[in-house]
Amino acid sequence: MKQDVNGVRIHIATGGRDFNPKGKILVMLHGSGQNHLTFVLQARYLAHRGYDVLAPDFPGHGLSEGEPLASIEDSADWVIALLDIMGVETATIMGHSQGCLTALELAANHKSRIDELILIGAAMAIPVNDYLVDMSDKALAKAIKMMTSWGHGPSAHMVDNTQPGHSMLDYGRQVMDINNRAALLADLNACNAYQNGASAAAAITQPTLCILGGRDRMTPAKFGRKMADTITGSKMVMVDQAGHFLPAECPMVINDSVREFLGK
Amino acid sequence: MSGDYKFDTLSLHAGHVPDERHGSRAVPIHQTTSYVFKDSEHAAALYNMEIGGHLYTRISNPTVAVLEQRVAALDRGVAATCTASGMAALTTAIMTICSSGDHIVASSRMYGANINLLENTLPRFGITATFVAPDDLDAIKAAIQPNTKIVFGEVIGNPGLDVMDVAAVAAITKEAGVPLMLDCTFNTPWLLRPIELGANIIIHSLTKWMGGHGIAIGGAVVDGGNFDWGQSDKFPTIAGPHYAMNDINFYEEFGPAAFTAKFRAEGMYNFGPSMAPMNAFHILQGIETLPLRMQRHMDNTAAMLKFLDGHEAVEWVRHPMLPSHPSHELVKKMLPKGAGSIIVFGLKGGREAGKAFIESVDLASHLANVGDAKTLVIHPASTTHSHISAEAMLEGGLSDDMIRLSVGLEDIDDITADFEQGFKAAARVRKG
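Residues numbered from 1 in each chain as written. Chains lettered and ligands numbered in written order. Predicted model: local features only at pLDDT ≥ 70, side-chain atom pairs only at ≥ 80, totals over all residues. Heavy atoms only, no water.

Caption draft 1: Molecular detail of the nonpolar core. Ranked by size, the top nonpolar core spans 66 residues in total, and within it Leu67(B), Val71(B), Leu182(B), Leu206(B) and Leu335(B) carry the most contacts. In this structure, Ile10(A), Phe58(A), Ile80(A) and Met147(A) belong to the second largest nonpolar core, which totals 56 residues. (Core = buried A, V, L, I, M, F, W, Y, C linked by side-chain atoms within 4.5 Å. Buried < 20%, exposed > 50% of the residue type's maximum accessible area, 1.4 Å probe, protein only.)

Caption draft 2: Quick peek at the pattern of salt bridges. In the structure shown here, the tally under the stated rule is 22 salt bridges over all chains. With a shortest N-O distance of 3.4 Å, Glu253(B) and Arg44(A) are connected by a salt bridge. Of this pair, Glu253(B) sits in helix 10 (residues 250-254) while Arg44(A) is found in helix 1 (residues 43-47), placing the two residues in two different chains. Classification of Glu253(B) by relative accessible area gives buried; the value is 15%. In this structure Arg44(A) comes out as buried when scored by relative accessible area, which is 5%. A salt bridge links Glu329(B) to Lys332(B); its shortest N-O distance comes to 3.3 Å. Of this pair, Glu329(B) and Lys332(B) both sit in helix 14 (residues 328-334), three residues apart, roughly one helical turn. (Salt bridge = Lys/Arg side-chain N within 4 Å of Asp/Glu carboxyl O. Helix = DSSP H or I, 4+ residues; strand = E, 2+ residues; numbered from the N terminus.)

Caption draft 3: Structural context of helix 11 (residues 258-271) of chain B. All names here are of chain B. With 14 residues, helix 11 should reach 20 Å at 1.5 Å per residue; the first-to-last C-alpha distance of 18 Å fits that figure. Of all the bends in helix 11, the greatest, near 30°, is centred on Arg264. Among the 14 residues of helix 11, 11 are classified as buried, and the element is accordingly described as predominantly covered. For helix 11, every residue scored as buried is listed here: Ala258, Phe259, Thr260, Ala261, Lys262, Phe263, Arg264, Ala265, Glu266, Gly267 and Met268. (Expected span 1.5 Å × (residues − 1). Bend = angle between axes of the 7 residues up to and from the residue.)

Caption draft 4: Representation of the side chain of Glu249(A). All names here are of chain A. Tracing the backbone through its elements, the reader meets Glu249 in helix 11 (residues 246-249). One buried charge, Glu249, has no salt-bridge partner; the nearest side chain with opposite charge is Arg215, at 8.7 Å. A polar side-chain atom of Glu249 sits 2.8 Å from the main-chain amide nitrogen of Gly243. (Lys, Arg positive; Asp, Glu negative; His and termini not counted. Polar contact = N/O pair within 3.5 Å; in protein donor to acceptor, adjacent residues only side chain to side chain.)

Caption draft 5: Spotlight on the layout of surface pockets. What the largest pocket holds in volume is close to 1700 Å³. Along the walls of the largest pocket sit 49 residues, with Asp160(A), Asn161(A), Thr162(A), Val17(B) and Asp19(B) positioned nearest its centre. For the lining of the largest pocket, the element with the highest residue contribution is helix 3 (residues 62-75) of chain B, accounting for five residues. (1 Å grid on protein atoms, 1.4 Å probe; cavity = no way out; pocket = protein on both sides within 12 Å on 5 of 7 lines; lining within 4 Å. Points joined across faces, edges and corners; volume = space filled by probe spheres on them.)

Caption draft 6: Looking closely at the sheet that holds strand 8 (residues 314-318) of chain B. Residues and elements named next belong to chain B. Read from one edge to the other, the open sheet built from five strands follows the order 8-9-12-11-10, with strand pairing classed as mixed. In this open sheet, the two strands that pair with only one neighbour each are strand 8 and strand 10 (365-366). Summarising the sheet, strand 10 and strand 11 (residues 376-378) pair through two bridges and their orientation is parallel. Paired with Ser365 across the strands is Leu376, a residue of strand 11. Across the sheet, helix 13 (residues 290-308) is in contact with strand 8, strand 9 (342-347) and strand 12 (402-406); its angle to strand 9 comes to roughly 15°. (Pairing = 2+ DSSP bridges. Contact = heavy atoms within 4.5 Å. Axes fitted to C-alpha atoms, helices over the stretch in contact; angles between N-to-C directions.)

Caption draft 7: Structural detail: the interface of chain A and chain B. Opposite the 39 residues of chain A that make contact, chain B presents 44 residues. Taking both sides of the interface into account, the surface hidden between chain A and chain B amounts to around 3200 Å²; carbon and sulfur atoms contribute 53%. Considering only the side of chain A, the residues that lose the most area to chain B are Arg44(A), Met158(A) and Pro164(A), jointly responsible for 22% of the buried surface there. Here Asp4(B) and Lys145(A) are joined by a salt bridge, their closest N and O atoms 4.0 Å apart. At the junction of chain A with chain B, the criterion picks out 21 residue pairs in polar contact (both at pLDDT 80 or more). Among the elements of the structure, helix 1, helix 5 (140-151), helix 7 (168-177) and helix 12 (251-262) of chain A are those that each provide at least two residues to the side of chain A that touches chain B. Grouping the amino acids of the side of chain A that touches chain B by side-chain chemistry returns 15 nonpolar, 15 polar and nine charged. (Buried area = accessible area lost by both parts, 1.4 Å probe. Nonpolar A, V, L, I, M, F, W, Y, C, P; charged D, E, K, R; others polar.)

Caption draft 8: Representation of the environment of Lys24(A). Residue and element names in this part refer to chain A. Structurally, the position occupied by Lys24 is in strand 3 (residues 24-29). Lys24 gets classed as partly exposed once you look at its relative accessible area, which sits at 22%. A polar contact of 2.9 Å, which involves the side chain of Lys24, links it to the side chain of Glu116.

Caption draft 9: Structural detail: the environment of Thr185(B). Residues and elements named next belong to chain B. Inspection of the secondary structure puts Thr185 in the loop between strand 5 (180-183) and helix 8 (188-191). Its relative accessible area of 9% is what places Thr185 among the buried residues. In the structure, Thr185 is positioned 18 residues away from Ile203 in sequence and 7.2 Å away in space, judged by C-alpha atoms. Here the side chain of Thr185 touches Ser205 through a polar contact of 2.9 Å, landing on its backbone nitrogen.

Caption draft 10: Seen up close, the packing of aromatic side chains. Across all of its chains, the model carries 16 aromatic pairs over all chains by this definition. Among the aromatic residues, ring-to-ring pairing joins Phe227(B), Trp229(B), Phe235(B), Phe259(B) and Phe263(B) into one connected group. Here the guanidinium or amino end of Arg49(A) rests over the ring plane of Tyr45(A), the centre of that ring lying 4.4 Å away. (Phe/Tyr/Trp six-rings, centres within 6.5 Å; stacked < 30°, edge-to-face > 60°. Lys NZ or Arg CZ within 6 Å of the ring centre and 35° of its normal.)

Right, dumping it as structure tokens:
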């Protein structure tokens, strides 16, 4: 569906179902240089299992218009604006990678609006090396290739897939290539600049589920564990052989874990 | 893993990770029609395209999926779908994109069945084609109409060996907002990966070099994932609510794999052009050695060109690696590893000499296939095109004296010796 948010036309995947703002809302926030297609194997599945899904493309990403947002704090404010426009009072936030930083910020600062958190491929800080930042500015195709290569675990590199005939690496590259040319650089800069992750995590009181990949080289599991330890009462699922792109690499682990965590 | 695996490694491994229970190193043959659902919810999720998996072998199969993923990886596509033959791949790909009233711009120098499909069969269903020379960029551009939905050609034409400038044609189709679909049977991904040059959909007859053994028929459609189906309202069954799939919008739901999602959900489901699991297994065995075989094909082809070019029994030789070929300069840049292992040549003495040559060779097999590990020859004028007039053959770029040679992997000395005795038989006919 299309929706204007702060005057910008936004694309929101709802998993192929009409959206009910009074339902059990599950907002899926994509990571750096990604878009709603991160959750291609979660959005439809969970939307047909009792959840009302909103998987937006942030501005400048996927099928959304506009320019990418500059900071994690801006992204959190933008999600609140989205919830307001959609008539949503409270929601569960499910983030992946950079989307988790936004989720931490939301949960800590908008407690009355956020019911639960699901953090996938996450850490309290996601510093990005200068080489990748520079490449995302000057050689975007190379940066995309590097990120998809580093981001996926061993089975993706062997072109194994739960979706018959699909290559996760090449699909991942094309997903990133859809975005505004400035999106990846803006996202990486936003990740680098965000310093509130640890304090936000410590302030979280909502039930939280962390799903981590044992072979994740972008947000290594040791940092994910630290985040889980910081969030009071959080639960953790570790997928030993998964890399950073867990929604594609182990879709049913995500789907089953989310349903068990949310009790549906 | 510090980076992406390279071509030779992917040829051996892509698509298959040994399962935890049995650990089979070879790809298992899942000779089954159906798959047991875990529960009703699992079945519903599969049918509704919410998750990946298998529900019926007409639509997908684990052994075939390994082959699909291997081909996708070699071509750098987002996905591939395998079919019962190369023609099934082409037909289903066209039907995935086109509806009645749509138009295709196609190369006039292609495999006869490709031409026949577009010229005679599809018009019965309201899909028409304009044929243009594959190396005439202006003609390709001029032939694109408002209802054109595909530009289609072969990278290396069969049997005339005309070569398409993929990057130049891709620039034209991108500007026109039309996908470029290429039959890549003659080049295989070892020689060229046209998706990297801007092509959008790749068709393979896997029966040929990809399998290489001549024991299994199969085809594949590779989705480059690099065409924006939503950029216009030209593709409403991909980028709009689908009439028969609960209003699913493949473009919004599956993004770069929208074409493949529709190909499988509609094409495999309704047309049923499925590849047999056993054939997938056979073709996988061939692909494991594709890099080794292709190098040998290229080496033997280079040697045969040297042997044929200037031979006293030979009137002319055509191959893109020869400086006399009109696309030779393009080929040096676009196909640096070689331009395929098909050579066409004319024998002095015309049709009768050609027939005598074909019937006297012992090692080379006289048959209709190409791309086998074994050397193959055919004389189109006395066989595949025997019912066509000499004038009509010339219009199609074929001549009365033409021999099509598919260079195999035998010792080159044995191939040339076989040809020498064939040439002697042709000479006897020529001299009467």
